[in-house]
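# Chains, contacts and geometry: an overview
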Amino acid sequence: MGLRDPLYWLYERRIERHLTSQEMPRHVGVVLDGNRRWARSSGKQALEDGHRAGADKIFELLRWCDELGVQVVTIWMLSTDNLSRADSELQPLLRIIEDTVGRLRAEGWNTRPVGALDVLPDTTARALKEAESATSGNPGLVVNVAVGYGGRREIADAVRSLLQEEAARGTGIQELAERLDIEDIARHLYTRGQPDPDLLIRTSGEQRLSGFMLWQSVHSEFYFCEVHWPAFRRVDFLRALRSYGARNRRFGS
């Protein structure tokens, strides 16, 4: 064991001792950024190596969240913008996502797709749907897999779903406009029925959300860290939780 390993272990224990159940977020969202940059900086031959290392890191994160009492995790694996990437990168990435979803299913994580499945290839959409069906109701941590996800697209889809539902009931536009409120739209979001994220983490030094959970993040705390996602450590996660616990969440009061 190298000198740094026991030091980090002691540092982790020190941070963890200061965390309390009252400070723990119920729902954590993570923008898994920096897979390609990690691959380049690590001398990997293919960007695919970065995506695969990032996929493996997800399962470490889930174990940390499960151990610490987090109830819901949303992991953003593919945005709607990412679908415009060159096929030479996109196709391997989609296969990695399918493999990851298959592993989530095999390990029994309560897996829920979050995104516009109709924009995805059939094999990817089917893997997500089958994982949801097979693991629905499993106890423990809920894992939202955001694939084909865009925050604006989610809100548009929610409004569209609401209008279709009301039209089927015979509700007129004027009547709907007069009584429409926030909860009506919230009931049609991809994450309906779940608590909004308390903490949103983005790795790799980028300090923006890029549309991640636009609606749900109105009261979220943000945490940005420099490390690329495949190199994200438990101590980095504990630092995020420590930062969250130190915030004064007034919710506008």
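Calculation rules
- Residues numbered from 1 in each chain as written.
- Predicted model: local features only at pLDDT ≥ 70, side-chain atom pairs only at ≥ 80, totals over all residues.
- Heavy atoms only, no water.
- Helix = DSSP H or I, 4+ residues; strand = E, 2+ residues; numbered from the N terminus.
- Buried < 20%, exposed > 50% of the residue type's maximum accessible area, 1.4 Å probe, protein only.
- Contact = heavy atoms within 4.5 Å.
- Areas by Shrake-Rupley, 256 points an atom, 1.4 Å probe, with all protein chains shown as cover.
- Core = buried A, V, L, I, M, F, W, Y, C linked by side-chain atoms within 4.5 Å.
- Patch = residues over 30% accessible without salt bridge, like charges linked within 9 Å, V, L, I, M, F, W, Y side chains within 5 Å.
- Salt bridge = Lys/Arg side-chain N within 4 Å of Asp/Glu carboxyl O.
- Pairing = 2+ DSSP bridges.
- Polar contact = N/O pair within 3.5 Å; in protein donor to acceptor, adjacent residues only side chain to side chain.

### A few points about the overall build of the protein
Counting its secondary structure elements, the protein contains nine helices and six strands. Taken along the three principal axes of its C-alpha coordinates, the protein extends 70 × 50 × 35 Å. With 253 residues in all, the protein has 47% of them scored as buried. For the protein, restricting intrachain contacts to residue pairs at least 6 apart in sequence, the fraction spanning at least 24 positions comes to 76%. With an accessible surface of roughly 12,900 Å², the protein has 48% of that area assigned to carbon and sulfur atoms.

### So, the nonpolar core
If you look at the biggest cluster of nonpolar residues, it comprises 46 residues, and the most contacted ones within it are Leu61, Leu62, Ile75, Val145 and Phe237. Contributions of two or more residues to this core are made by strand S1 (27-31), helix H3 (47-68), strand S2 (72-79), helix H4 (87-107), helix H5 (122-135), strand S4 (142-149), strand S5 (199-202) and helix H9 (234-246). The element that contributes the greatest number of residues to this core is H3, accounting for seven residues. If you look at the next biggest cluster of nonpolar residues, it comprises eleven residues, including Trp76, Ala116, Ala146 and Met213.

### Considerations on a nonpolar patch on the surface
A cluster of nonpolar side chains, Leu7, Trp9 and Leu10, forms an exposed patch at the surface whose accessible area comes to about 340 Å². For Leu7, the location among the structural elements is in helix H1 (residues 4-17).

### Remarks on the pairing of S4
S4 sits mainly inside the fold: eight of its eight residues count as buried. Sheet topology places S2 next to S4; seven bridges connect them, and they run parallel. Bridge pairing links Val72 to Val142 in S4. Relative to S4, strand S3 (residues 110-114) runs parallel, the two being bridged by five bridges.

### Focus on the side chain of Lys57
Mapped onto the elements of the fold, Lys57 is located in helix H3. Of the residues examined, Lys57 reaches a relative accessible area of 9% and is grouped as buried. Here Phe232 takes part through its backbone oxygen, which lies 2.8 Å from a polar atom of the side chain of Lys57. Those residues in contact with Lys57 that lie beyond four places of it in its chain are Trp64, Trp229, Pro230 and Phe232.

### A word on the pattern of salt bridges
Close approach of charged atoms allows side chains of opposite charge to pair. Evaluated as defined, the whole model comprises 25 salt bridges. For the salt bridge of Glu67 with Arg234, the shortest nitrogen-to-oxygen distance reads 3.7 Å. One end of the pair, Glu67, is in helix H3; the other, Arg234, is in helix H9, with 167 residues separating them in the sequence. Among the residues examined, Glu67 registers a relative accessible area of 56% and is labelled exposed. Note on Arg234: relative accessible area 12%, which makes it buried. A salt bridge links Arg103 to Glu107, with the shortest nitrogen-to-oxygen separation between them at 2.9 Å. With Arg103 and Glu107 both in helix H4 and four residues apart, the pair spans about one turn of that helix. Glu107 gets classed as partly exposed once you look at its relative accessible area, which sits at 42%.

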